[in-house]
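These are the residues of each chain, in order.
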Amino acid sequence: MCGIVAVSRRSGSNFPVTEFVYNALKSLEYRGYDSHGVAYFDESTNREVYRNIGSIESEIKCKFNPDIALGHTRWATHGEVSKENCHPISGIDQIFIVHNGQIENIEDYSSLEDKASKKVASDTQIFATFLEFSGYVDNSPKMFSRIFSHVKGRNAFVVYMWGKMYAWSDGLPLYAVYEDGNLLIVSDPVALIGYSDKAYKLPERTLIDDEYILPASNIFTVPSVKPEQSDNMIKEIEEQGLISLDRFDIQGFWGTDIKRMAFIGCGSSYNAALFAKMAIESKTHIAVDCHYASNIEGAQVYDVDAFVFISQSGHTADIIDAALYVNKRKKEFAITIALTNNADSPLSNMCNETVPLKCGTEYSVAATKSFIASCIYAFEIALMSNLLTYYSLDPKNGINYVFDSRKKIMEIADEIGAAHNCLFLGQGPLYVTAREAALKVKEVAYIHAEAILSAELKHGPLALIDKEMPVIFFTSGHQSRKERIKANIEQVVSRGGKIYVVSDSDEFQRSGFNFLNVGETPCLL
């Protein structure tokens, strides 16, 4: 998750380069926020490079009037979070790179590492050094195109080389637009808000420069609303009650004899896949497989009749890899469905059908409304294919009650936030809720959190519980074997654990621990 911004200003233009870079980077901070950097250049070979840790706070001014700029906001995946690893990354003297992705065959380019005058800290640094040494021999676009074409993995680059700006993408998108003759390149159309109402997706595996004629196809609409900067997550939690519950139709799926389905996801999307498995298997005779996208290699997929790939962005690299794996091995008439918030995404293009989440753009790093929408629409896929009679999963009642209980929730959050570890427990579909809650605590609060099935508590995890350990139970009056869940709560009481119970039924309430009633909700939520 990183963001790329670049601009090449036409000669004589007064386009505000530094202002654009700042506005575009702020729009892309939801793609990465642990470091950022900008490099400015002009026609007289002046240059100025700025790198820093954390988010960008203000417009980064330049001592001269720049004609070219490369900007980047980063979520580190290769090399530590440091100023040295902030992009733009330089080669030796002539090359600067902003890069999204990871070069999988970086060892092919590392032979020149010892020739660099500085310590090599990342794949981007190694590649930049290789590019520059190669450019001293031949710095023609044809030579650079040949080098980029041998890079393996999903990557997007914008590079300043010998006074010009170039772009290359392979598996990760770059979008461009000419604004009054000035070439603007970004990794997400949201960065163009206020500058254009449309963006062109650049062709892959093609070296682009500022003389490139943009294609008339692959046009994407730029969102009209700029993301908030401080409270995206709260805002998007509040928008969960606005999720569309419209039914949909997938042509060719109606009447299909579905005996086995597979749901594939990562992170929150995998949790939504687990929910779909539990919901569908509890209401139908359909067998449902559930796979982590990153671990699907080796899975037997030939007997599956329908595959559902869940990705909020539609760009998730592991999901794309899983879709490639499935498309090569599935039986001829098996259907593939993209469940995504981005109907124009690479994932959508790889699948037979797309089910849009229709929950609006999600800017927060942590999934909220897209997770709820994924759960609902994954279940609806079974409904619309006549696998199920109609069953409502409208979550509005529970969500509205949560908003009404915000003060108490904040008090509980403050208590849990003081801990170093916590456990989330649930049974059946509420185990999915526990998994998602634990993931959110890890992502947002940076606290170690684990989710386990309530019934598994006595098979080892109970030994971890003491008076310092918050233990959060998710329960429901609709559940079977409620007495066993109450027994699980008593096991934690016996160990002195700090208990919190979230439920739609007062029958789980007792003195001595925090209890939050979320009101009547569908039993599967």
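On a predicted model such as this, the values are computed, not experimentally measured, just so you know.

Draft legend 1. Representation of the pattern of salt bridges. In this structure the tally under the stated criterion is 17 salt bridges. Measuring nitrogen to oxygen at the nearest pair gives 2.3 Å for the salt bridge that ties aspartate 321 to arginine 154. Taken together, the positions of aspartate 321 in helix 6 (residues 317–329) and arginine 154 in the loop between helix 3 (141–149) and strand 7 (155–161) put the pair 167 residues apart, joining distant regions of the chain. Relative accessible area serves as the criterion here: at 18%, arginine 154 is assigned to the buried category. The residue lysine 440 makes a salt bridge to glutamate 436 at a minimum N-O spacing of 2.5 Å.

Draft legend 2. Structural context of unusual backbone geometry. Of note, the bond from histidine 87 into proline 88 is cis; its omega dihedral lies within 30 degrees of zero at 5°. With respect to the element layout, proline 88 can be found in the loop between strand 4 (68–74) and strand 5 (89–90). Phi is positive for tryptophan 162, which is not a glycine, with a value near 50°. Relative to the helices and strands, tryptophan 162 resides in the loop between strand 7 and strand 8 (164–170).

Draft legend 3. Here's a closer look at the pairing of strand 6 (residues 95–101). Within strand 6, 6 of the 7 residues are buried, which leaves it mostly tucked inside the rest of the structure. Strand direction decides the pairing type here: strand 5 and strand 6, joined by 2 bridges, are antiparallel. Its bridge partner lying in strand 6, serine 90 is registered against phenylalanine 96. Two successive antiparallel strands, strand 5 and strand 6, enclose a turn made up of 4 residues. Sheet topology note: the strand 6/strand 7 ladder contains 7 bridges and is antiparallel. From the neighbouring strand, isoleucine 95 faces strand 7, where its bridge partner is methionine 161.

Draft legend 4. Geometry of helix 2 (residues 123–137). If you check helix 2, its first and last C-alpha atoms are 22 Å apart, about what 15 residues at 1.5 Å a residue would give, namely 21 Å. Most of helix 2 sits out of view: 12 of its 15 residues are buried. Asp123, Thr124, Gln125, Ile126, Phe127, Ala128, Thr129, Phe130, Leu131, Glu132, Ser134 and Gly135 are the residues of helix 2 that are buried. Among the structural elements, strand 5, strand 6, helix 3 and strand 7 are those in contact with the buried residues of helix 2.

Draft legend 5. Region of interest: the packing of aromatic side chains. What the rule picks out here adds up to 19 aromatic pairs. Pairing tyrosine 109 with phenylalanine 130 gives two aromatic rings, centres 4.9 Å apart and planes at 80°, and the pair type is edge-to-face. With tyrosine 109 in the loop between strand 6 and helix 2 and phenylalanine 130 in helix 2, the pair connects residues that are 21 residues apart, well separated along the chain. Residue tyrosine 109 is classed as buried on the basis of its relative accessible area, which comes to 5%. Note on phenylalanine 133 and tyrosine 136: the rings are 6.5 Å apart at their centroids and 75° apart in plane angle, and the pair reads as edge-to-face. Here phenylalanine 133 and its partner tyrosine 136 are both found in helix 2, 3 residues apart, which amounts to about one turn of the helix. These aromatic residues form a ring-pair network of at least three members: Tyr109, Phe127, Phe130, Phe148, Phe157 and Trp168. The ring of phenylalanine 508 carries the charged tip of lysine 486 above its face, separated from the ring centre by 5.7 Å.

What counts, and at which threshold
Residues numbered from 1 in each chain as written. Predicted model: local features only at pLDDT ≥ 70, side-chain atom pairs only at ≥ 80, totals over all residues. Heavy atoms only, no water. Salt bridge = Lys/Arg side-chain N within 4 Å of Asp/Glu carboxyl O. Helix = DSSP H or I, 4+ residues; strand = E, 2+ residues; numbered from the N terminus. Buried < 20%, exposed > 50% of the residue type's maximum accessible area, 1.4 Å probe, protein only. Pairing = 2+ DSSP bridges. Expected span 1.5 Å × (residues − 1). Contact = heavy atoms within 4.5 Å. Phe/Tyr/Trp six-rings, centres within 6.5 Å; stacked < 30°, edge-to-face > 60°. Lys NZ or Arg CZ within 6 Å of the ring centre and 35° of its normal.

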